[in-house]
Each structure stands twice: as structure tokens, then as C-alpha cells.
Amino acid sequence: MTSLITVLVSAVATIAAFWYAIWSGVKRGRKEAENEARNADNEAANAVCLDITASVDASGNLTITGDDVDGGSTDNCTGMTLSVSPNTFDCTDTGTTVTVTLTATDAAGLTDTCTANVTIIDQVAPTAVCQDITVQLDATGNVTIAAADVDNGSSDACGGAVTLALTPSSSFDCDDLGANTVTLFVTDASGNSSFCTATVTVEDSVAPTITCAADQTQNLDAGLCTAAVTVAVPTISDNCSVASITNDFNSTADASDDYPLGTTTVTWTLTDGSGNTSTCTQDIVVTDNQAPVAVCQDITVQLDATGAVTINASDLDGGSTDCSSMTFAVSPSSSFDCDDIGPNTVTLFVTDANGLIGFCSAVVTVEDSIDPTIVSIPGDITVTNDSGACGAVVSWTEPTTTDNCSSTISQTTGVANGLEFPVGTTIVTYVATDTAGNTTQDTFTVTVTDVEGPSISCPANISVPGTSSAGAVVTFTTPVGTDQCSGSVTTQTAGLPSGSTFPLGTTTNTFEVE
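Quick notes on the confidence of the model for the chain
Then step 1. Counting all residues, the mean pLDDT for the chain is 92, and 92% of those residues have values of 70 or more.
Then step 2. Confidence drops under pLDDT 50 across residues 1-40; counting only partners more than four residues distant or on other chains, this segment forms 34 contacts.

Focus on a nonpolar patch on the surface
Then step 1. Side chains of Phe349, Ile357 and Phe359 sit close together on the surface and give an oily, nonpolar patch of about 310 Å² of accessible area.
Then step 2. Its place among the elements puts Phe359 in strand 26 (residues 357-367).

Some details on unusual backbone geometry
What you tend to see is this: most non-glycine residues have negative phi, and most peptide bonds are trans.
Then step 1. Residue Pro86 is bonded to the preceding Ser85 through a cis peptide linkage, with omega at -10°.
Then step 2. Examined against the element boundaries, Pro86 turns out to sit in the loop between strand 3 (81-85) and strand 4 (88-90).
Then step 3. Between Ser331 and Pro332 the backbone carries a cis peptide bond, its omega angle lying at 10°.
Then step 4. Positionally, Pro332 belongs in the loop between strand 23 (326-331) and strand 24 (335-337).
Then step 5. Phi is positive for Ser251, close to 60°, though the residue is something other than glycine.

Topic: the state of the cysteines
Then step 1. By the definition in use, this model includes nine disulfides.
Then step 2. Cys212 shares a disulfide with Cys280; S-S distance 2.0 Å. Here the S-S torsion is close to 80°, and the disulfide linking Cys212 with Cys280 is therefore right-handed. With a gap of 68 residues between them, Cys212 in the loop between strand 13 (209-211) and strand 14 (216-219) and Cys280 in strand 20 (residues 277-287) connect regions that are remote in the sequence. Per residue, the accessibility class of Cys212 equals that of Cys280, and both read buried.

Side note on the sheet that holds strand 21 (residues 299-302)
Then step 1. Read from one edge of the open sheet, four strands run 21-26-25-23, paired in mixed fashion. Pairing within the sheet leaves two strands with one partner each, and these edge strands are strand 21 and strand 23. Between one strand axis and the next, the sheet turns through 35° on average, direction left out of account.
Then step 2. Relative to strand 25 (residues 342-352), strand 23 runs antiparallel, the two sharing six bridges. Bridging across to strand 25, Met326 finds its partner in Asp352.

Brief notes about the packing of aromatic side chains
Then step 1. Counted according to the given criterion, the structure contains eight aromatic pairs.
Then step 2. Within the aromatic cluster, the residues linked to one another by ring pairs are Trp396, Phe421, Tyr430 and Phe444.

Describing the sheet that holds strand 7 (residues 133-136)
Then step 1. Taking strand neighbours across the sheet as the criterion, the four strands line up as 7-12-11-9 in an open arrangement whose pairing is mixed. Among the strands making up the open sheet, the edge pair consists of strand 7 and strand 9 (163-167). Between one strand axis and the next, the sheet turns through 35° on average, direction left out of account.
Then step 2. Relative to strand 12 (residues 193-203), strand 7 runs parallel, the two being bridged by four bridges. When the bridges of strand 12 are listed, Val135 appears paired with Val202.

Some thoughts on the side chain of Asn247
Then step 1. The topology assignment puts Asn247 in strand 17 (residues 242-247).
Then step 2. The buried category is assigned to Asn247, whose relative accessible area is 3%.
Then step 3. There is a polar contact of 2.8 Å between the side chain of Asn247 and the side chain of Asn250.
Then step 4. Among the polar contacts listed, one links the side chain of Asn247 to the backbone oxygen of Thr252, at a separation of 2.7 Å.
Then step 5. Ignoring anything within four residues of it in the chain, the contact list for Asn247 reads Thr252, Ala253, Asp254, Ala255, Val266, Thr267 and Trp268.

Some words on the nonpolar core
Then step 1. Leu62, Ile64, Val69, Phe89, Val100, Val118 and Ile120 are the most contacted members of the largest nonpolar core, which totals 20 residues.
Then step 2. Non-local contacts of Val100, meaning those with residues more than four positions away in its chain, are made with Ile64, Val69, Val84, Ser85, Pro86, Phe89, Cys114, Thr115, Ala116 and Val118.

What counts and what doesn't
Residues numbered from 1 in each chain as written. Predicted model: local features only at pLDDT ≥ 70, side-chain atom pairs only at ≥ 80, totals over all residues. Heavy atoms only, no water. pLDDT = per-residue confidence, 0-100. Contact = heavy atoms within 4.5 Å. Patch = residues over 30% accessible without salt bridge, like charges linked within 9 Å, V, L, I, M, F, W, Y side chains within 5 Å. Areas by Shrake-Rupley, 256 points an atom, 1.4 Å probe, with all protein chains shown as cover. Salt bridge = Lys/Arg side-chain N within 4 Å of Asp/Glu carboxyl O. Helix = DSSP H or I, 4+ residues; strand = E, 2+ residues; numbered from the N terminus. Disulfide = S-S within 2.5 Å. Buried < 20%, exposed > 50% of the residue type's maximum accessible area, 1.4 Å probe, protein only. Pairing = 2+ DSSP bridges. Axes fitted to C-alpha atoms, helices over the stretch in contact; angles between N-to-C directions. Phe/Tyr/Trp six-rings, centres within 6.5 Å; stacked < 30°, edge-to-face > 60°. Polar contact = N/O pair within 3.5 Å; in protein donor to acceptor, adjacent residues only side chain to side chain. Core = buried A, V, L, I, M, F, W, Y, C linked by side-chain atoms within 4.5 Å.

Take a look at the structure:
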């Protein structure tokens, strides 16, 4: 303790040295007189005090001894002891001067006292304890911290308030993004100080600001299904710096490009130097002001069994084009019947999704390829010849005709209905013809059977006298058979022909007709 006091108070040390020299001399004198006074000590010790300045220790306490305030106390004999009261102090005493009493007691128990002034100070530096922190820049790109923000429980032995200070700065901006080392200085009430270092990590979590330009509308480029649009860039800002701006249409910083028909929503993304992002959207609207290009094709259609046909308008489309979907309509009509057989000029209207219309003309050729039908054709007819006739009058119910349009029927072969048919078989043919020239043919037969035989008349029997022994020449009219049908043949099958010499006797002539 004496060495500490000596260091702190040089002036006091000088006085102490002076008194020590005196005390040493006295002590030597005491030894010389010791033998003489050993058995006759009735003289009290002489207490000499010394004012001192002393500091509390790291625990905030101070304990002194009598020697600390002894300014050269003496006794005529050996065995003197020193004590001081009070001798303990703490932080509550710092900054004050306490009067203490030094008591010098000799071997005979005789005492002497003096008082000294003890000035109590605090020379123990506080304990600086730091902590690393992370801070966020504000919207202006700045942040200021307090020294207490990096203090992690710095303390002083005396428990009083400490003063905190930072160096080199407590303010940070965009240039300080990342780790920054600062020094925390901790000073106690007695002016003692210590320091520690901390890392202040500066971050930027403020998203950049992006404002898209107004939506843009533009017509298609002539003859194309796209429009070359120059897109206005957004307005951007950041509390620090912008790293990049891109759009999702072409992934560049410039969204100007060819845009398709319709609405394209472009999303812009702004990224700052800390990786914070903001987005905005902008609609690029491409409108259609071009009518479809209508391309027609001529078609040929067939009437159905009812004499009608309906086409789809798209049947007339020969490759119409537009940048959007198309619908088709035909005028004056898409339905045709028997009255429309042949070429018919129609108009195809092509309408796109935006209501724009193109048109062209096409020829619809209506054909009827369905044959007419013959109804109630008679079956084959077989009859016998009329009496005395080489034929028979035959009649039947006339057949009729039907068609998907209209048709007529006529007999083309055979004997007309109700007239006489000859013996034999006659083919009767009917042909039905419709307005489109389609024909249908059907036939039946009429068979007349001849059931009457032919007839023949022979001359009367002839009797003539013989003119010789050979007989006589006889002439007669040769009989000829007859039949209701032509073509009968009379043949003499026995006897002699007319003009022959008939023998004596009877000769029978036989004639046969068939």
C-alpha cells in the first residue's frame, strides 16, 4: 500500500521521507538508551501522522493500515505498534477526505494519537464490454446509432453511471454497407476510461422505388400481326444505388419490341445494390385495325333425297387470313334446293375477333345426282289371242315416277297401253327422267299366246272318166290353208298334185296347213 501511495502523491512522499529520516534517528537513539530505560518506561510513544491520497481497488474497496498514515511516530522503547481508525472505505467515500486517527502504542501500553486526512479517489478503469450489431439504412440511405447500442454491459467497480462514446463515427450511409469496426469508450465518474471494439454491420433492406409509365396502346403494323412498340421506361429511385432494371418480355432494360395482338402485361423488376427488389406492371395493348383477307373457293354440292342441301360458310373458305380468330357467314343463303340446280353466286363474309369484316364471292354449283324412281311398274303379263286375231288387246295401270326434285315418265318400247299386242312376247320399257337429266328404266313383258288353229277347205271330190289305161289327167284348184296370223304354210301330204295323171281308181289327196 505504501508503494501505491508513494506513486500517487509525490509531495507527500517527500514529507514522509523527511519524517522517516527523523524517525530513523530517533530509533537509533532509542536503541542506545534502551538498556537504561528498560525497566523504567513511563513515557508514551509519540504519534506523528501523514495525510495521504488513496484509490479504491477493482472491487471498489480500500483498506489502509497505520503505517500508511504514519508520518514518523516514535517511542523511547522498542515494540511500538500502530493502528488507524477508520481503516476501511468503499466507493461511497470516493471524492471525499476522511479524517482518521492514528494510535501509536508502546510496549508498556502507553498510547499517543494523531489525526490524518485520507483523500479517497477512484483510479480503476471501468470494464468495457462490446456487442456486434446489425443496423438498417433508412429511406434516405442513412442510419445513426447510439453508443449504448454496442454496449453489452460495460460496468465500473463503483457501480456508478458510465459515459459511452463511439469512434470514428456513430453515423453510417450507403458507403458503409457491410461490416464496420467501431471503438466504444467507457468513462466512469472519476474520469477513468477503457475501450473495446465492435462490428457494426450496415444493411440496406429498403426496397427501391419503381413507377411504371402509363399503359400504351398501338395498332398493328400494316400487313403484320405484331406492332413495333417503343415502350417508355419506368421512373426509378433507391436510397443507395440501383443495380439493374429488367422486364419479363425480353429480359432487358428496354422493353421496346414487337408485341402481338392483344394485351401484354410487362412486369418490370428493379434491383438495388443490396439485392432488394420492387416491381411494377405496364400493359402494352396492340389493337387490330385491319380487316381479314377473305379468300374464297368455288364448291359443288349434291342435293339430298329431300331435294335440299345446306353448306357451312367455312366450306367456301379458301384460306382467309387474319391476326385473330375468324367467323364465317354466307349470303344470301347457305341452303339450296331443286330451284338452285346449277351455279349460284354467294358472298362469304369473314369477321375477325374485333368485328372487322372482309368478303369475297364464290360459286356454289348445286347438282342432283339422285335418279328418279319408277313406281308400280306392272309385272309380266301373259294373255291368249283375241278370237280371230293374231294378237290381243292388253291394258295395264300406268306406272308413275317420284324424285327428290321433279321427274316425268314415258314408255319407250313395246306397244302402247290398250292396243293390240301380237302373238309372242313383247318387252315394254318405261323411262323416268328428272329435271337434272337423271334417268331410271324399268321393263315388263306382254306375252300373247295363239290358241286358235289354222283352217283349210279342199275342193269337192272329183270323178272323171279315164282317158287311157293309165288313167286321166285331173286338174283342180290347190287348196290353201288360212290362219289368223300370217305365215301359215299349206302342204300336200298325200295324192297327186293338180294336172297330174291320176290312175284309174280313187286317189285321195290330203292337204295340211300349219
